Amino acid sequence: AQSVTQLDSHVSVSEGTPVLLRCNYSSSYSPSLFWYVQHPNKGLQLLLKYTSAATLVKGINGFEAEFKKSETSFHLTKPSAHMSDAAEYFCVVSRYNQGGKLIFGQGTELSVKP
Amino acid sequence: DTGVSQNPRHKITKRGQNVTFRCDPISEHNRLYWYRQTLGQGPEFLTYFQNEAQLEKSRLLSDRFSAERPKGSFSTLEIQRTEQGDSAMYLCASSLADTAGNYEQYFGPGTRLTVT
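The shown structure was predicted, so the numbers you read here are calculated from the model rather than taken from an experiment.

Trainee: If you had to explain the overall build of chain B to someone new, which residues and values would you point to?
Mentor: Broken down by element type, chain B carries 0 helices and 11 strands. Shown N-terminal to C-terminal, the secondary structure of chain B runs as helices and strands in the order β-β-β-β-β-β-β-β-β-β-β. Taken over C-alpha atoms, the radius of gyration comes to 14 Å for chain B, in line with the 13 Å a tight globule of 116 residues would show. In terms of its C-alpha atoms, chain B occupies a principal-axis envelope of roughly 45 × 25 × 25 Å.

Spelled out as structure tokens, the structure:
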């Protein structure tokens, strides 16, 4: 069985400071891992994905994540937060040969203070 | 192509009524997924189609729920005899699964169901 645990339900940062959203995964096989973002009243948008290529994955809007198998982690980072980054972020695990269905974490709400 | 669309965007219904939602995927995407998201939670998988075949249904999908994807294009999700616990956002996603293992899912805006 696969699962993800997002370690923080809410993270608050000041604009211009680094962002760290933590995610641990559990999977019996090599997983595919994703981060999605959900802005209020908008659909889910893919930020980045890891599919067994480079362990450091770069995504849109300056976000990146590092796959660490030894720690079963896939934390999301950004060097400098922007006000527009305020949203709900979901860490997601999936397996291609299980139909590609996505298993979402509980979400981390990111607040950005001016 | 403007992405995945869902209709209606909002639906308010009384307990016991039937409701039907529609999802139009991105053209030529062969996979279509339905998820349900309740307040403060991440989306949960309900079911998915490869072309017109429904290949998996979650245990969350009770007998009151049925989904179809005729001709492998749009999909409908019907809930019969709605209950207050069915109140949620219903999300649709589509993907083009290829032999290289790529299957990025694109989500629609969702249908918010409120059962009174």
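Trainee: An account of the overall build of chain A is needed here, citing residue identities and associated values.
Mentor: Counting its secondary structure elements, chain A contains 0 helices and 12 strands. Ordered by position from the N terminus, the helices and strands of chain A form the series β-β-β-β-β-β-β-β-β-β-β-β. What you see for chain A is a C-alpha radius of gyration of 13 Å, in line with the 13 Å of a compact globule of 114 residues. Each of the three principal axes of chain A carries a C-alpha extent, and together these read 45 × 30 × 20 Å. Sequence-distant contacts in chain A: of pairs separated by 6 or more residues, those separated by 24 or more amount to 56%. When the accessible surface of chain A is split by element, carbon and sulfur atoms take 49% of a total near 5,500 Å². Computed over 10 positive and 8 negative side-chain charges, the separation of the two mean positions in chain A equals 8 Å.

Trainee: Go over the nonpolar core with me, naming the residues and quoting the values.
Mentor: Formed by 26 residues in total, the largest nonpolar core has its most connected members in W35, L48, F74, L76 and Y89 of chain A. The dominant element in this core, judged by the number of residues it contributes, is strand β10 (residues 87–94) of chain A, at 4 residues.

Trainee: Break down the packing of aromatic side chains for me, with residues and values.
Mentor: All told, the structure shown has 16 aromatic pairs over all chains when counted by the stated rule. With a centroid separation of 5.9 Å and 80° between ring planes, the pair formed by F90 of chain A and F104 of chain A is classed as edge-to-face. Taken together, the residues F90 of chain A in strand β10 and F104 of chain A in strand β11 (residues 102–104) connect sequence positions 14 residues apart. On the accessibility criterion, F104 of chain A (10% relative accessible area) is buried. Ring centres of Y35 of chain B and F107 of chain B lie 5.5 Å apart, and the angle between their planes is 45°; on these two criteria the pair is classed as tilted. Here Y35 of chain B is found in strand β4 (residues 31–37), whereas its partner F107 of chain B is found in strand β10 (residues 106–107), with 72 residues between them in sequence. As far as the burial class goes, Y35 of chain B and F107 of chain B line up, both buried. One residue, R22 of chain B, lies across the ring of F74 of chain B, its end atom 3.9 Å from the ring centre.

Trainee: Which residues make up the interface of chain B and chain A, and what values do they have?
Mentor: Tallying the contact residues gives 24 residues for chain B and 21 residues for chain A. Contact between chain B and chain A buries roughly 1,700 Å² in total, counting both sides, with carbon and sulfur atoms accounting for 51%. Summed over the shared surface of chain B and chain A, the result is 2 salt bridges. Residues K49 of chain A and E104 of chain B are paired through a salt bridge, measuring 3.5 Å at the closest nitrogen-oxygen approach. The tally of links between chain B and chain A comes to 7 residue pairs in polar contact (both at pLDDT 80 or more). Looking at the side of chain B that touches chain A, the elements with two or more residues in it are β4 and β5 (44–50) of chain B. In terms of residues, the side of chain B that touches chain A owes the most to one element, β4 of chain B, which gives 4 residues.

Trainee: Before we move on, could you go through the state of the cysteines and cite the residues and values that matter?
Mentor: A full pass over the atoms with the stated rule returns 2 disulfides over all chains. In this model, C23 of chain A is linked to C91 of chain A through a disulfide, with the two sulfur atoms separated by 2.0 Å. Around the S-S axis, the bridge from C23 of chain A to C91 of chain A shows a dihedral of about -70° and counts as left-handed. You can see C23 of chain A sitting in strand β4 (residues 23–26) and its partner C91 of chain A sitting in strand β10, a full 68 residues away along the chain. Across the pair, C91 of chain A and C23 of chain A agree in class, each one buried. Residue C23 of chain B pairs covalently with C92 of chain B via a disulfide, S to S 1.8 Å. Disulfide C23 of chain B-C92 of chain B: torsion about the S-S bond near -65°, hence left-handed. Of this pair, C23 of chain B sits in strand β3 (residues 19–24) while C92 of chain B sits in strand β9 (residues 88–95), placing them 69 residues apart in sequence.

Cut-offs applied
- Residues numbered from 1 in each chain as written.
- Chains lettered and ligands numbered in written order.
- Predicted model: local features only at pLDDT ≥ 70, side-chain atom pairs only at ≥ 80, totals over all residues.
- Heavy atoms only, no water.
- Helix = DSSP H or I, 4+ residues; strand = E, 2+ residues; numbered from the N terminus.
- Rg over C-alpha atoms; globule rule 2.2 N^0.38 Å.
- Contact = heavy atoms within 4.5 Å.
- Areas by Shrake-Rupley, 256 points an atom, 1.4 Å probe, with all protein chains shown as cover.
- Lys, Arg positive; Asp, Glu negative; His and termini not counted.
- Charge placed at Lys NZ, Arg CZ, Asp CG, Glu CD.
- Core = buried A, V, L, I, M, F, W, Y, C linked by side-chain atoms within 4.5 Å.
- Buried < 20%, exposed > 50% of the residue type's maximum accessible area, 1.4 Å probe, protein only.
- Phe/Tyr/Trp six-rings, centres within 6.5 Å; stacked < 30°, edge-to-face > 60°.
- Lys NZ or Arg CZ within 6 Å of the ring centre and 35° of its normal.
- Buried area = accessible area lost by both parts, 1.4 Å probe.
- Salt bridge = Lys/Arg side-chain N within 4 Å of Asp/Glu carboxyl O.
- Polar contact = N/O pair within 3.5 Å; in protein donor to acceptor, adjacent residues only side chain to side chain.
- Disulfide = S-S within 2.5 Å.

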